[in-house]
Amino acid sequence: MEDKPATSSIRTNLPQTAASVISAAPPAGLESLYNACRRHYPDQPNPLQVTALLKYWLGGPDPLDYISMYANAGDSEDGIPAHWHYITFGLSDLHGDGRVHQVTGSDSPSGFGFELTFRLKREPEDTAPPTWPAALMHALAKYVFQSENILYSGDHVSWHSSLDNSESRIQHMLMFTDPQLGTVQTPYGSVTFIQIVGVCSEELQAAQHWNGPGVIDLMKTVQGAGGHWLVTDMRRGETIFELDPQMQDAVDHGIEMEGSNLSGVSARCAWVEIDLAALDDGRLFGDSKSDTCSVPHITDEESNEIKAVLMKGLLNTKPVLPPIANKHINDIVFSGSHKESYDSNASSDAGTFELLRTRTLDAVHISINLEAGSLLPLALRGRLKHGRHFTFKSVVGDVAITFVVPTVVGAFANQEHPLAVHGPWLQVLMRHGTSRSFR
């Protein structure tokens, strides 16, 4: 059953939400998370809370059921300023009855396996927590629900706008495990609290070119960057590299010695097989009457299998790509001379067609949106040069483009066939000489 509405509320400019006080006995999954919060905030049993007026499972627009807002005194001796602590409820399974998330056992992640938190420096004039972080967290939650991309500690989110719509330099986000809440066990599985950390553009770039955990660790050591709990200060006007010039040397050294652990990014991407015979005739993608492809679709099961393989690959810092099982994989027959193409905006019509078996291509045309494509030099220098792989994964749909080198284990592209596809997943082998030429 849905929780009863609270008896008191405060105004907020969030659409379809209201800030209120906890008042009803919550379901088991939610109660486990509340208990974790009470252990750290025993003096705040009824925190202010942003509540979805129309719950997501009833057709509401906001997937988060609640966002609690606690007052945290910080620790001046440890450089942790007083702040507001925001905590979401809804990315994990709160109810255990399948209304939002697939029901799993207690030994599996609950829902998406995480909830978001955010620590915002409390200004002297603050009498109540600002509500804009709740809007930010709702936006991130919608991205997770729509893309099914899970946020992990060390991930980054390019936002390209001040998080509070001001003139602040804090315009992007890094993620790390909340230092107080960590991971908790609920009746419906484990939940890790992932904290949002607001960062400047230069800090985001460092995380992309090196790695998120490394930049997080550096930030903890810089006075004025939020202390060990990484409290976001929207009025911070200097990057960690301006606060401590030695931080840039540390990042440069890390890139040189370790490369990048950014193994993939979400993108709007597409690939099209090039007809070499048509290319010789001056027609890049074949005759204009025949280049509208009958794009094959894949089943939900096959889509989930590819996503699982890609996720394992993205989480693996070693040069290994997990294999895709060969069960129930058949050829798709195309009419005429149509060449195959995949676009990240195309959706899958489940159950209509079977997944293509792995096959090789002679030539391919790849399209990637500008922001994601700007990371290609990073992929070459920070990943492929160090014997690793890099993937552009579609924001929507099943399209993925993975660049590999010969040392990557499990790739289906190889020296003899440097272009290979498995359904919508394209792999491109970059020979060592090619990747070394990008400096």
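Procedures and definitions
Residues numbered from 1 in each chain as written. Predicted model: local features only at pLDDT ≥ 70, side-chain atom pairs only at ≥ 80, totals over all residues. Heavy atoms only, no water. Helix = DSSP H or I, 4+ residues; strand = E, 2+ residues; numbered from the N terminus. Buried < 20%, exposed > 50% of the residue type's maximum accessible area, 1.4 Å probe, protein only. Contact = heavy atoms within 4.5 Å. Areas by Shrake-Rupley, 256 points an atom, 1.4 Å probe, with all protein chains shown as cover. 1 Å grid on protein atoms, 1.4 Å probe; cavity = no way out; pocket = protein on both sides within 12 Å on 5 of 7 lines; lining within 4 Å. Points joined across faces, edges and corners; volume = space filled by probe spheres on them. Nonpolar A, V, L, I, M, F, W, Y, C, P; charged D, E, K, R; others polar. Polar contact = N/O pair within 3.5 Å; in protein donor to acceptor, adjacent residues only side chain to side chain. Expected span 1.5 Å × (residues − 1). Arc of directions from axis to C-beta.

1. Some thoughts on the overall build of the protein chain
Part 1 of the reasoning: Scanning the protein chain from N- to C-terminus turns up eleven helices and 19 strands.
Part 2 of the reasoning: A total of 439 residues make up the protein chain; the buried ones form 49% of that total.
Part 3 of the reasoning: Relative to all contacts within the protein chain whose residues are 6 or more apart in sequence, the contacts with residues 24 or more apart total 69%.
Part 4 of the reasoning: Carbon and sulfur atoms provide 50% of the accessible area of the protein chain, an area that totals close to 20100 Å².

2. Observations concerning empty space enclosed by the protein
Part 1 of the reasoning: Inspection of every chain in the model, using the stated rule, returns three cavities of 30 Å³ or more.
Part 2 of the reasoning: Size it by volume and the second largest cavity reaches roughly 50 Å³.
Part 3 of the reasoning: Considering the residues around the second largest cavity, the lining is formed by Pro-63, Asp-65, Gly-90, Ser-92, Asp-93, Leu-94, His-95, Val-100 and His-101.
Part 4 of the reasoning: Here the lining of the second largest cavity is built from residues that sort into three nonpolar, four polar and two charged.

3. Structural notes on the environment of Ser-68
Part 1 of the reasoning: Within the element layout of this structure, Ser-68 appears in strand β4 (residues 66-72).
Part 2 of the reasoning: Taking the C-alpha atoms as reference points, Ser-68 and Thr-117, 49 residues apart in sequence, are found 9.4 Å from one another.
Part 3 of the reasoning: Side-chain polar atoms of Ser-68 contact the side chain of Gln-49, separated by 2.9 Å.

4. Some words on helix α6 (residues 246-258)
Part 1 of the reasoning: Compared with the 18 Å implied by 1.5 Å per residue over 13 residues, the 18 Å span of α6 between its first and last C-alpha is a close match.
Part 2 of the reasoning: Along α6, the positions that sit buried rather than exposed are Met-247, Val-251 and Gly-254. Each buried residue of α6 sits inside an arc of 60° when the element is viewed along its axis, so together they form one side. Among the exposed residues of α6, those oriented more than 90 degrees off its buried face are Gln-246, Asp-249, His-253, Glu-256 and Met-257.
Part 3 of the reasoning: Contact partners of the buried residues in α6: α3 (201-209), α4 (212-221) and α5 (240-243).
Part 4 of the reasoning: Phi turns positive one or two residues past the end of α6, at Gly-259, with a value near 70°.

5. Thoughts on helix α2 (residues 132-147)
Part 1 of the reasoning: With 16 residues, α2 ought to run about 22 Å at 1.5 Å a step, and its terminal C-alpha atoms sit 23 Å apart, in line with that.
Part 2 of the reasoning: If you check which residues of α2 are buried, you get Pro-133, Ala-134, Leu-136, Met-137, His-138, Leu-140, Ala-141, Val-144, Phe-145 and Ser-147.
Part 3 of the reasoning: Downstream of α2 by a residue or two, Glu-148 has a phi angle that is positive, lying close to 60°.

Without other data, these values stay purely geometric and don't point to any function.
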